[in-house]
Amino acid sequence: MTCLLITGCASYRSPLPSVSPPGEDEETRISREFRREAKKHFTYINNPEIERYIERIGQRILSAMGPQPFDYRFFVIADPQLNAFAVPGGSVFFYSGLIERAKSTSEIAGVMGHEIVHIKGRHMARQSGPDAISLLSLVGMLLLARSGAGAQAAGVVGQAVSATRQIAYSRQLEMEADTLGVRYMTAAGYDPAGSLGFLKTLDQERSLNPIDVPAYMMTHPITQERVANVQLVIRSLGDVQSKSEVFDQLKKIQVLIRLARQETDKVIDEFQKLVAQTPGDSAAFHLLALAQHHKGQMSQAKANYEKALKLNQEDAGLYRDLGRLYTDSGDFGAARSMLDKASSMEPKEPLNYFYLGELLEKENDLRAAAGAYLNAQQLSPFWDKPPARLGTIYGNLDRLGDAYYYRARFLLLQDEDERAMADLEKAIKILGENSARGQTAKDELNNLRARRR
Ligand SMILES: [Zn+2]
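Residues numbered from 1 in each chain as written. Predicted model: local features only at pLDDT ≥ 70, side-chain atom pairs only at ≥ 80, totals over all residues. Heavy atoms only, no water.

What follows deals with the pairing of strand β1 (residues 73–77). Within β1, five of the five residues are buried, which leaves the element mostly enclosed by the surrounding structure. Alternating residues of β1 divide into Arg-73, Phe-75 and Ile-77 and Phe-74 and Val-76, and every residue in both groups is buried. The pairing of β1 with strand β3 (residues 91–95) spans five bridges and is parallel. Each bridged residue has a counterpart across the sheet, and for Ile-77 the counterpart in β3 is Tyr-95. (Buried < 20%, exposed > 50% of the residue type's maximum accessible area, 1.4 Å probe, protein only. Helix = DSSP H or I, 4+ residues; strand = E, 2+ residues; numbered from the N terminus. Pairing = 2+ DSSP bridges.)

What follows is the structure, given as structure tokens:
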């Protein structure tokens, strides 16, 4: 089945040992191979806010866990199914349908903690036994796994259901992922009740639609035992101080997912009713403005952002969004002051510098724009948007060595190793091996060559 699904099975098999469980290097390789296949099967949500939202949660939990053997990557798949999964070696995938059904960011953090523990604890290898090939077939099944409705839409009902059952984690591994996941998310400052809340959300989903069980429930079976265990872990943590963001960004992310699905008019209608009912609700004005901006209703959007700002001056995201509206309306001075305000409130949020880069590009100050994108890249080295912009800008500035170098970095994040290597070679040729950047490019090229052996 895996062979039917994954093209180029031979290339999967050859580099892998057939004895002993895959070590960490093999798991990193598996993650990369999986991501290459996944791009052909899934559509990712391509939105800076949504990408950063899920990465922020993942990185925050990881930083509470200490040093890690993997570079973790986080992806949001545009798919209404309630699902999320982890691939050995550090890749975590959320379906937009799960994000839309969650009731708070701490529920998402609960799923994130659980999935990261599956990776960190090498659960798939432990489940699949000592044969690396069986681990790969499990990974292949992840691509197939779907809920009943999703499988019907894809016309692969039998395959999908049996694949989904086969990659279900054992009871023991689920308990371990819950126990450690709750502890890590709590250490990261999320409310551990979110973990329990998500299990309840799943249970509600099942009672609403008992025939079409969400894929997530099939791969991570929910039992009374799990619920009781999570309750016990939460109680054992005692009174925890949750440092969660004062303004939960989940509702905004849910709106952005709907805008990406072309539901803009519906969203505007809903939020227009909401602001009429609750005129003191800053978030409602904010999200109405966001949808109006998306539709190109700039003056209405501006008025509603300003109403939101009058009601709440503490949300950096609001200044950022208003800054983007000013950028798009050509009011560059106002845009600059909004984005500077957002940076002063959240100096470590790369979105602030990314949008500043967009503004500076519009102002035709490409050098300063490159500086802003470099800041964004340093704050989030696995985010592919800043190096993509840097590649283009350096090209326009006629700094071709740098342009090839950043395009290579972007391609590496896309797991396009061959093309990245070709660009690194061009960069080295132009920059010279003795320049600092040329030396960096050379080191990176050597690393890439070494990992292909
Ligand atoms: Zn699980």
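As summarised here, the arrangement of the three strands in space is β1-β3-β2, forming an open sheet in which the pairing is mixed. Two strands in the sheet have a free side with no partner beyond their single neighbour: β1 and β2 (84–87). With strand direction ignored, the average angle separating the axes of adjacent strands in the sheet is 15°. Helix α6 (residues 105–120) rests against β1, β2 and β3 of the sheet, and its axis sits at about 145° to β3. (Axes fitted to C-alpha atoms, helices over the stretch in contact; angles between N-to-C directions. Contact = heavy atoms within 4.5 Å.)

Take the environment of Asn-304 next. Structurally, Asn-304 is set in helix α18 (residues 298–311). Looking at Asn-304, the relative accessible area reads 8%, which means it is buried. Residue contacts for Asn-304: discarding those within four places in its chain leaves Phe-285, Leu-288, Ala-289 and Gln-292. A polar side-chain atom of Asn-304 sits 2.8 Å from a polar atom in the side chain of Gln-292. (Polar contact = N/O pair within 3.5 Å; in protein donor to acceptor, adjacent residues only side chain to side chain.)

Low pLDDT marks regions whose predicted coordinates should not be analysed in detail. Per-residue confidence for the chain averages 88 on the pLDDT scale, and 88% of its residues sit at or above 70. Note on residues 1–20: pLDDT is under 50 here. Beyond four places in sequence and across chains, it has 37 contacts. (pLDDT = per-residue confidence, 0-100.)

This part is about the coordination of the zinc ion. For the zinc ion, the protein coordination sphere consists of His-114 (NE2), His-118 (NE2), Glu-174 (OE), Glu-174 (OE) and His-220 (ND1), at 1.9 to 2.7 Å. As a motif over one chain, the donors of the zinc ion read H-x3-H-x55-E-x45-H. Linking His-118 in helix α6 with Glu-174 in helix α11 (residues 171–187), this pair joins segments that are 56 residues apart in sequence. Residues His-118 and Glu-174 agree in their burial class; the two are buried. (Donors = N, O, S within 2.8 Å, 3.2 Å for Na, K, Ca; no water.)

Our next topic: helix α4 (residues 48–63). Taking 1.5 Å as the rise per residue, α4 with 16 residues should run 22 Å; its terminal C-alpha atoms sit 22 Å apart, in good agreement. α4 sits mainly inside the fold: twelve of its 16 residues count as buried. What α4 keeps buried is the set Pro-48, Glu-49, Ile-50, Glu-51, Arg-52, Tyr-53, Ile-54, Glu-55, Ile-57, Gly-58, Ile-61 and Leu-62. Structurally, the start of α4 carries an N-cap: the backbone nitrogen of Glu-49 is 2.8 Å from a side-chain oxygen of Asn-47. (Expected span 1.5 Å × (residues − 1).)

Side-chain pairing between opposite charges can occur once the charged atoms of the two side chains come close. Within this structure, the stated rule accounts for 36 salt bridges. For Arg-226, the salt bridge is made with Glu-174, and the minimal N-O distance between the two is 3.1 Å. Highlighted residues: Arg-226 in helix α14 (residues 224–236) and Glu-174 in helix α11, separated in sequence by 52 residues. Since its relative accessible area comes to 3%, Arg-226 is described here as buried. Among the ionic contacts, a cluster of salt bridges with common partners joins Glu-100, Arg-258, Arg-261, Glu-263 and Glu-270. (Salt bridge = Lys/Arg side-chain N within 4 Å of Asp/Glu carboxyl O.)

With that out of the way, let us pick up the nonpolar core. Note on soluble globular proteins: their nonpolar side chains tend to be buried together. By size, the foremost hydrophobic cluster in this structure holds 105 residues, and its most contacted members are Ile-61, Phe-94, Ile-99, Ile-108, Met-112 and Ile-116. Setting aside residues up to four positions removed in sequence, Ile-61 forms contacts with Ala-109, Met-112, Gly-113, Ile-116, Tyr-184, Met-185, Ala-188 and Tyr-190. One finds Ile-30, Ala-38, Phe-75 and Met-141 within the second-largest nonpolar core, a separate group that totals 23 residues. (Core = buried A, V, L, I, M, F, W, Y, C linked by side-chain atoms within 4.5 Å.)

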